[in-house]
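# What the coordinates show
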Amino acid sequence: MIFILNKGKRKHADMFVCNCNGITEKQAKAVIQPGIRFWDDVDEAYGCEPRCGKCQCDITHLVMEVEAETTAGPSPLFGGTMLEGAD
């Protein structure tokens, strides 16, 4: 993991998730947003093919992370809607 020191605070730099094809985390998330659900589709979106496969785990994690962010609704405990008849 790469960190950049910024006034005493650590800031996460944009990491490469696919070294073979030079795809960064930011670039991967950009193509996952519209609906890509499989790790090798990220390479395909940039006109590449997976090579060594070492990025499979990282990109799969990003797909799951983005999917969780987009499908998560309001928490029923914090700001969710009330149950019917609970008023």
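Heads up: the structure comes first, above all this text.
The model shown is predicted, which means the values in this text are computed figures rather than measured ones. (Residues numbered from 1 in each chain as written. Predicted model: local features only at pLDDT ≥ 70, side-chain atom pairs only at ≥ 80, totals over all residues. Heavy atoms only, no water.)

## Things to note about the overall build of the protein chain
For the protein chain, the count of helices and strands is three helices and four strands. Element order for the protein chain, N to C, with α for helix and β for strand: β-β-β-β-α-α-α. Burial statistics for the protein chain: of 87 residues in total, 21% are counted as buried. When contacts within the protein chain are restricted to residue pairs at least 6 apart in sequence, long-range pairs at least 24 apart make up 34% of them. When the accessible surface of the protein chain is split by element, carbon and sulfur atoms take 55% of a total near 6800 Å². (Helix = DSSP H or I, 4+ residues; strand = E, 2+ residues; numbered from the N terminus. Buried < 20%, exposed > 50% of the residue type's maximum accessible area, 1.4 Å probe, protein only. Contact = heavy atoms within 4.5 Å. Areas by Shrake-Rupley, 256 points an atom, 1.4 Å probe, with all protein chains shown as cover.)

## Points about helix H1 (residues 25-32)
Since there are 3.6 residues in each turn of an α-helix, residues three or four apart along the chain are aligned in direction. Burial in H1 covers these residues: Ala28, Val31 and Ile32. Taken end-on, H1 shows its buried residues confined to a sector of 105 degrees, consistent with a single buried face. (Arc of directions from axis to C-beta.)

## Considering helix H3 (residues 56-71)
For H3, spanning 16 residues, the distance from its first C-alpha to its last is 22 Å, which sits close to the expected 22 Å at 1.5 Å a residue. Along H3, the positions that sit buried rather than exposed are Ile59, Leu62, Val63 and Val66. The arc that holds the buried residues of H3, viewed along the axis, is 100 degrees, so those residues lie on one side. Looking at H3, the residues exposed on the side facing more than 90 degrees away from the buried face are Cys57, Met64 and Thr71. (Expected span 1.5 Å × (residues − 1).)

## A few points about the side chain of Thr24
Relative to the elements of secondary structure, Thr24 occurs in strand E4 (residues 23-24). Filtering out sequence-adjacent residues up to four positions away, Thr24 remains in contact with Asp14, Met15, Phe16 and Val17.

## What about the nonpolar core?
Soluble, globular proteins show a tendency: their nonpolar side chains are buried together. Residues Val17, Ile23, Ala28, Ile32, Val42 and Ile59 are the most contacted members of the largest nonpolar core, which totals 14 residues. Counting only elements with at least two residues in this core, the list comes to strand E3 (16-18), H1, helix H2 (39-45) and H3. Apart from residues no more than four positions distant in its own chain, Ile23 is found in contact with Phe16, Val17, Cys18, Ala28, Val42, Asp43 and Tyr46. (Core = buried A, V, L, I, M, F, W, Y, C linked by side-chain atoms within 4.5 Å.)

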